[in-house]
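Residue-level structural notes
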Amino acid sequence: MAMRWVWDRFDDLGVHALHDTLALRCKVFILEQGPYQDPDGADKQSWHLLGYDDAGALMASLRVVDPGVNYPEPSIGRVVTAKEARGNGSGRALMVEGMARCQQAWPGRSVRISAQAHLQRFYGSLGFVPVSDEYLEDDIPHIEMLWSAP
C-alpha cells in the first residue's frame, strides 16, 4: 500500500489531522486492546508521522517523543495501523519512515521504544535490541528496545 507521509509537530498538525490520529489510536489502543489514557502530555512534545492512502484516509501513525521527555533518546511510540492496512507491509513502512525521520532530526542518536512484547521479533527485524526485562504497561506486556545509530 502506497502512503503519503505527513511529518509535523503537534502544534502544526491541524485539527483534522489531530482528530484522525486520535480516532485511529482510539480504535486500536482503546477499542481493540482495552481502556487506558491514550492522549498524554508527551503528544505535545512530539513529532507525529501520519500515513495516508490514495483516498486520503489515515492508515498509519506514530509519534516520536523528543529526547529527554520519556527517555534520554528520542523515542518512537503510539505506533498504529488501521485494521485494513495490516498484513501488507504498512507497519514496516511506517517504522522505516519514522526511523529515517529520527535520523534527520537527531543524526547519530539512538532511538528507544517501549514495545509490546509480542512484537519483539518485528522490532528486532528493524534493528532494535531488548534492553529491559518484560514489564506491564497498561496491563499489556512490554519490553524496552533500543536501536543504535551506526
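Residue positions are counted from 1 within each chain, in the order its sequence is given. In keeping with the model being predicted, local features are shown solely for residues with a pLDDT of at least 70 and side-chain atom pairs are shown and tallied solely at 80 or more, while totals for entire chains, interfaces and linings include all residues. Note: side-chain values were computed over all heavy atoms of the structure, leaving out hydrogens and water.

A separate point is the pattern of salt bridges. Within this document, salt bridges are pairs made up of a side-chain nitrogen of Lys or Arg and a carboxyl oxygen of Asp or Glu, the two lying within 4 Å of each other. Counted by the stated rule, this structure contains eight salt bridges. Put simply, Asp40 and Arg78 hold a salt bridge, and the shortest N to O gap is 3.2 Å. Placement of the pair is Asp40 in the loop between helix H1 (15-32) and strand E2 (46-52) and Arg78 in strand E4 (residues 75-81), with a sequence separation of 38 residues. Note on exposure labels: buried denotes an accessible area under 20% of the residue type's maximum, exposed denotes more than 50%, and partly exposed covers the range between, all computed with a 1.4 Å probe on protein chains only. Judged by its relative accessible area of 15%, Arg78 is buried. Close ionic contact of Glu97 with Arg101 constitutes a salt bridge, the shortest N to O distance being 2.8 Å. Here Glu97 and its partner Arg101 are both found in helix H2 (residues 90-105), four residues apart, which amounts to about one turn of the helix. Per residue, the accessibility class of Glu97 equals that of Arg101, and both read buried. A single network of salt bridges, built from pairs that share partners, joins Arg25, Asp40, Asp43, Arg63 and Arg78. Secondary structure elements follow DSSP: runs of H or I of four or more residues count as helices, runs of E of two or more count as strands, with numbering from the N terminus.

So, about the pairing of strand E8 (residues 140-147). Two faces, one strand: in a regular strand the side chains alternate between the faces of the sheet. By the criterion of burial, E8 is predominantly enclosed, with seven of the eight residues buried. As paired elements, strand E5 (residues 111-116) and E8 share six bridges and run antiparallel to each other. Opposite Ala115, over in E8, you have Ile143 as the bridge partner. Examined bridge by bridge, strand E6 (residues 129-130) and E8 share two bridges and lie antiparallel to one another. Two strands are said to pair when DSSP picks up at least two bridges between them.

Note on scores: pLDDT gives the predictor's confidence for each residue, bounded by 0 and 100. Confidence in the prediction of the protein, expressed as mean pLDDT, is 92, and 99% of residues score 70 or more. Across the protein, element-level confidence peaks in E6 with a mean pLDDT of 98 and bottoms out in H1 with 84.

Moving on to the packing of aromatic side chains. Describing an aromatic ring pair means giving the distance of the ring centres and the angle of the ring planes. Two rings belonging to Phe, Tyr or Trp (six-membered ring only in the last case) form a pair when the distance between their centres is within 6.5 Å. Interplanar angles under 30 degrees mark stacking, angles over 60 mark edge-to-face geometry, and anything in between is tilted. Per the stated rule, a full pass over the model turns up three aromatic pairs. Plain terms: the ring middles of Trp7 and Trp47 are 4.9 Å apart, the flat faces sit at 5 degrees to each other, and that makes the pair stacked. With a gap of 40 residues between them, Trp7 in strand E1 (residues 4-9) and Trp47 in strand E2 connect regions that are remote in the sequence. When the ring of Tyr123 is compared with that of Phe128, the centres are 6.1 Å apart and the planes differ by 80 degrees; the resulting orientation is edge-to-face. As far as burial versus exposure is concerned, Tyr123 and Phe128 are alike and both buried. Here a set of aromatic residues connected by ring pairs shows up, and it is made of Phe122, Tyr123 and Phe128.

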